[in-house]
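Understanding the architecture of this molecule
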Amino acid sequence: MPHYAGAVPLLTEPTLPLDRVTDVVSTDASLRRFLHGLPGVDQVGAEARAAMLSTRSIKTAAKQFAIDLAISIIDLTTLEGQDTPGKVRTLCAKAQRPDPSDASVPAVAAVCVYPDLVAVAKAATGPSGVKVASVATAFPSGRASRAVKLADTADAVAAGADEIDMVIDRGAFLVGRYRAVLEDIVAVKQACGTARLKVILEVGELATYDNVRRASWLAMLAGADFIKTSTGKVQPAATLPVTQVMLEAVRDFRAATGRMVGVKPAGGIRTAKDAIRHLVLVNETAGEEWLDPRWFRIGASTLLNDLLMQRQRMTTGRYAGPDYFTVD
Amino acid sequence: MKFEYAPAPESRAIVDIKSSYGLFVGGEFVDPVDGHRFKTVNPATEEVLAEVSAAGPRDVDAAVQAARGAYTRTWQRMRGAERAKYLYRIARIMQERARELAVLESIDNGKPIRESRDVDVPLAAAHFFYYAGWADKLGYALSGREPRPLGVAGQVIPWNFPLLMLAWKVAPALAAGNTVVLKPAETTPLSALLFAEICQQADLPPGVVNIITGAGDTGRALVEHDGVDKVAFTGSTEVGKQIARSVAGSGKKVTLELGGKAANVVFDDAPIDQAVEGIVDGIFFNQGHVCCAGSRLLVQESVAEDVLSRLKYRLTTLRVGDPLDKNTDVGAINSAAQLERIRELSAVGEAEGAQRWSPPCELPERGYWFPPTVFTGVSQAHRIAREEIFGPVLSVLTFRTPAEAVDKANNSPYGLSAGVWTDKGSRILWMAQRLRAGVVWANTFNRFDPGSPFGGYQESGYGREGGRHGLEAYLQ
């Protein structure tokens, strides 16, 4: 197995055509050789680069653009034991019309709920174009048999989910049973049918950037449409350096295979400033093609109101109090 | 979607540039006696910023006399803890006036505000804090002797890091009990003159710091002055050699920090994305106006193609333009003369058969600008692999084995710095033992800290600045 991610010319012809992916993933040994042959990530350097990019000063027209883009790529999320149909309907209303006083505010990309509430969300979003995403596969721990994970997925898909957010088996990943992780993803992908599959790496449990890079490639080789940082239930979740490592992975994967995969940081992005820093990261790491709800999402709940507040301040010149934005 | 960053200029309002400046001698700004006036310009726009005095021989003499007087009457006799008090005070004022210093530095030098704000000014203040801490502990700095100051230090600094080089020179000299006469470069005198105001604000005894502006003649008069006990110079190897000749036999102590042609060595097991960042930091930081710049990239042949394609991809995101825009990565070339030299050596590179590449970028019409440039297919014999270009121009060479990397890296009359990129710790140590360079960075580049000594081998100079070693140059 060549050290191939290190031999991939960016922006040139694919060196890992999709039919060769089959060779890479055929055995545990070949998969391990491949993942361990990926270039390492130097923690200090990666964090320094992310910190530098977070000093970008996004003002005036650029800020307006970034705020609207950020709103349009949110997966507006509620994942609580106390969720009810009422709560989900409120969320769906907000997703379609984030600011009741201003029709020029774009809708968010999707709402994200537990499988048993997909039908409610689907009915509430209707033909608005807002997608319904559902977590599945024994979210958030993923500690269940494959049969249970597949049933969980099938349930959400049958209820009409447009997107499935699955979790990987971090236990298997950390002991090096990469093929088990891969087979899970392949099976869930199949159960998704036409629904797009987001694969949650739960980076807070993977601990190192090397692991984040390997898990990203593993998920992409298995057929993920999106790679996602976190469940939101484990800290740390979406940090700038983690998102950067994943953006490098999708950039390199596209250069190697020709296939484009999306990225979704989730958990811990609460302010407009955080969101804009992520957009800068996308712009300068993977490139502008990823600045699209189809290829980049932010999983969040409280972020939306801060974006709305900043947006209103840009048009009126002053901040309105929190009572002028809806609670969900 | 296209994400264009709107202009984000740092305000110039915080800076008050006078129309004309005198010399800072004996704690006051005075008009030159036998000097003349010259103009300093903003290299990004060619706008004249101010008129500055060029000190003549009698002005230099007055400054050295002022420093001598302050040395014998005040500074040498002062307890270390008292000297420290002044240094701490200067450091704090530099922090308080950081934005002013950063904006002024960017206007006069052409470097991006992000660098002057995040690197130059904080590091300059850090040097004063660091050496303030040593001022009352000099007995512990050098083992086995009771240290004494040298007297008057004549210091000549370059235009690439005007304020930071000032700090590297002035802070250890004062901490050790010397007084100084400092000459900033003729194209970048303004931050040193603002520093003179800071000395006044800190109530530093008159004559402890004297700042005389001017060009080569002023510098020569200073280093050759009989009243100077110590010469410290940072600048070109050519001038460094002249200084070494002129002070030979005079009994003056000398430290020289000169040119470089550093090798940045990337092995096939390197963390590639961070290595690419390190290559960019190594040569495009401060427009490549860095003596320790990683101007020779040595990349292992097995990954050369990949590293180059990633590097080129990365360079397309570099933002070249207005130094005061907070999103600018690469600013203006400091002077017309330097721009000419960069153009000339780049033309030589092409004529010698190396392949020249630059990312698409629009350069402003006025001012001195040069695009980030990469030469591939460079061999050891090419002039662009041997001579210091001192601009945003990278020469890329390849190697096959670690031993070959060492041979090629060391095959230079310079020896200031080097970089090693590999995931293997043992190889970093193996390389560091063999590289003839004053600084070897491992998986990083162009990182500076006041506690870490800096200096060169061979034609990169002698003596060390920074750390405990930096005190040695100012003590006997």
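For every chain, the first residue of the written sequence is number 1, and numbering continues from 1 along that sequence. Think of it this way: whatever chain is written first is A, whatever ligand is written first is 1, and the rest follow in order. Side-chain atom pairs in this predicted model are given and counted only at pLDDT of 80 or more, local residue features only at pLDDT of at least 70, and totals for whole chains, interfaces and linings cover all residues. Think of the side-chain values as coming from all heavy atoms in the structure, minus any hydrogens and water.

Concerning the overall build of chain B
Scanning chain B from N- to C-terminus turns up 16 helices and 18 strands. Principal axes of the C-alpha set define a box for chain B whose edges measure 65 × 50 × 40 Å. Within chain B, the proportion of its 476 residues that are buried is 64%. Residue pairs in contact within chain B that sit at least 24 positions apart in sequence constitute 75% of those at least 6 positions apart. For chain B, the exposed surface amounts to about 17,000 Å²; the carbon and sulfur share of it is 49%. Each charge class in chain B can be summarised by its mean position, and for the 52 positive and 56 negative side chains these summaries are 5 Å apart. Helix numbering and strand numbering both begin at the N terminus, where a helix is a DSSP run of H or I of at least 4 residues and a strand a DSSP run of E of at least 2. Only protein chains enter the accessibility calculation, which uses a 1.4 Å probe; a residue is then buried when its area is under 20% of its type maximum, exposed when over 50%, and partly exposed in between. Residue contacts are defined here by distance: any two heavy atoms, one from each residue, within 4.5 Å place the two residues in contact. In this description, accessible areas are obtained by the Shrake-Rupley approach with a 1.4 Å probe, and a residue is regarded as covered only by the protein chains that are shown. Under the counting rule used here, the positive set is Lys and Arg, the negative set is Asp and Glu, and His together with the chain ends is not counted. For this purpose, a charge sits on NZ of Lys, CZ of Arg, CG of Asp or CD of Glu.

Digging into unusual backbone geometry
All names here are of chain A. With omega at 0°, the peptide bond leading from Phe-139 into Pro-140 counts as cis. Among the secondary structure elements, Pro-140 is positioned in the loop between strand S3 (131-135) and helix H7 (146-158). Here the amide bond leading from Gln-235 into Pro-236 is cis, since omega sits at -5°, within 30 degrees of zero. When you line up the elements, Pro-236 lands in the loop between strand S6 (226-228) and helix H12 (240-257). Its identity as a non-glycine residue notwithstanding, Glu-202 has a phi of 50°, on the positive side. Note on placement: Glu-202 falls in the loop between strand S5 (196-200) and helix H10 (203-206). According to the relative accessible area criterion, Glu-202 is buried, its value standing at 0%.

Observations regarding helix H11 (residues 301-315) of chain B
Structural remark: α-helix, 3.6 residues per turn; residues separated by three or four positions point the same way. Residue and element names in this part refer to chain B. For H11, with 15 residues, the first-to-last C-alpha span of 21 Å sits near the 21 Å given by 1.5 Å per residue. With 11 of 15 residues buried, H11 is to be regarded as a mostly interior element. Along H11, the positions that sit buried rather than exposed are Val-303, Ala-304, Asp-306, Val-307, Leu-308, Ser-309, Arg-310, Leu-311, Tyr-313, Arg-314 and Leu-315. For a helix, the expected span equals 1.5 Å multiplied by the residue count minus one.

Quick look at helix H11 (residues 209-222) of chain A
All names here are of chain A. Here H11 spans 20 Å end to end across 14 residues, near enough to the 20 Å set by a 1.5 Å rise per residue. Burial runs high along H11: 13 of the 14 residues are buried. At the C-terminal side of H11, Gly-223 shows a positive phi close to 110°.

Re the pairing of strand S1 (residues 74-77) of chain A
Residue and element names in this part refer to chain A. The alternating pattern of S1 places Ile-74 and Leu-76 and Asp-75 and Thr-77 on opposite faces, both of which are buried. Bridge count for S1 against strand S8 (residues 298-300) is 3 bridges, and the pairing is parallel. Across the sheet, Leu-76 pairs through a bridge with Ala-300, a residue of S8. Being paired, for any two strands, means DSSP has found at least two bridges between them. In this sheet, strand S2 (residues 110-113) lies alongside S1 in parallel orientation, the contact comprising 3 bridges. Each residue of the ladder has a partner; that of Asp-75, found in S2, is Ala-110.

Some details on the sheet that holds strand S1 (residues 20-21) of chain B
Residue and element names in this part refer to chain B. Strand order in the open sheet formed by 3 strands is S1-S5-S4, and the pairing between neighbours is mixed. With one partner strand each, in any of the chains shown, S1 and strand S4 (36-42) form the two edges of the open sheet. Sheet topology note: the S1/strand S5 (residues 47-54) ladder contains 2 bridges and is parallel. Within S5, the residue paired with Tyr-21 across the bridge is Val-52. Lines fitted to C-alpha atoms define the axes, with helix axes restricted to the stretch in contact, and inter-axis angles between N-to-C directions lie between 0 and 180 degrees. Relative to the sheet, helix H7 (residues 190-201) contacts S1, S4 and S5, its axis offset from that of S5 by approximately 65°.

What to know about the environment of A:Ala51
Its place among the elements puts A:Ala51 in helix H3 (residues 43-53). In the structure, A:Ala51 is positioned 173 residues away from A:Ala224 in sequence and 28 Å away in space, judged by C-alpha atoms.

Details of the packing of aromatic side chains
Residues and elements named next belong to chain B. Here a pair means two rings of Phe, Tyr or Trp (six-membered ring of Trp) with centres within 6.5 Å. Their orientation is stacked below 30 degrees between planes, edge-to-face above 60, and tilted elsewhere. The tally for this structure, following the rule as stated, stands at 19 aromatic pairs over all chains. Ring centres of Trp-441 and Phe-445 lie 4.7 Å apart, and the angle between their planes is 50°; on these two criteria the pair is classed as tilted. There is no split in this pair, since Trp-441 and Phe-445 are both buried. Clustering of aromatic rings is evident, with ring pairs tying together Trp-168, Trp-441, Phe-445, Phe-448 and Phe-454. The ring of Tyr-474 has Lys-230 lying over it, and the distance from NZ or CZ to the ring centre is 4.8 Å. By definition here, charges over rings are those cases where NZ of Lys or CZ of Arg is within 6 Å of the ring centre and within 35 degrees of the ring normal. Looking at Arg-427, its charged tip hangs above the ring of Phe-267, at a distance of 4.8 Å from the centre.

Examining the pattern of salt bridges
A carboxyl oxygen of Asp or Glu within 4 Å of a side-chain nitrogen of Lys or Arg is what we treat as a salt bridge. Counted under the stated rule, the structure contains 52 salt bridges over all chains. For A:Lys198, the salt bridge goes to A:Asp75, with nearest N and O atoms at 3.0 Å. With A:Lys198 in strand S5 and A:Asp75 in strand S1, the pair connects residues that are 123 residues apart, well separated along the chain. A:Asp75 matches A:Lys198 in its accessibility class, with the two residues each being buried. The salt bridge partner of B:Glu350 is B:Arg356, with a shortest N-O separation of 2.9 Å. Each of A:Asp75, A:Glu163, A:Asp165, A:Lys198, A:Lys228, A:Lys264 and A:Arg297 takes part in a single network of salt bridges with overlapping partners.

Brief notes about the environment of B:His36
Residue and element names in this part refer to chain B. Here His-36 shows up in strand S4. Along the sequence, His-36 and Ala-54 sit 18 residues apart, while their C-alpha atoms lie 5.3 Å from each other. The residues touching His-36, leaving out its near neighbours within four places in the chain, are Val-52, Ser-53 and Ala-54.

Keep in mind these numbers describe shape, not what the thing actually does.
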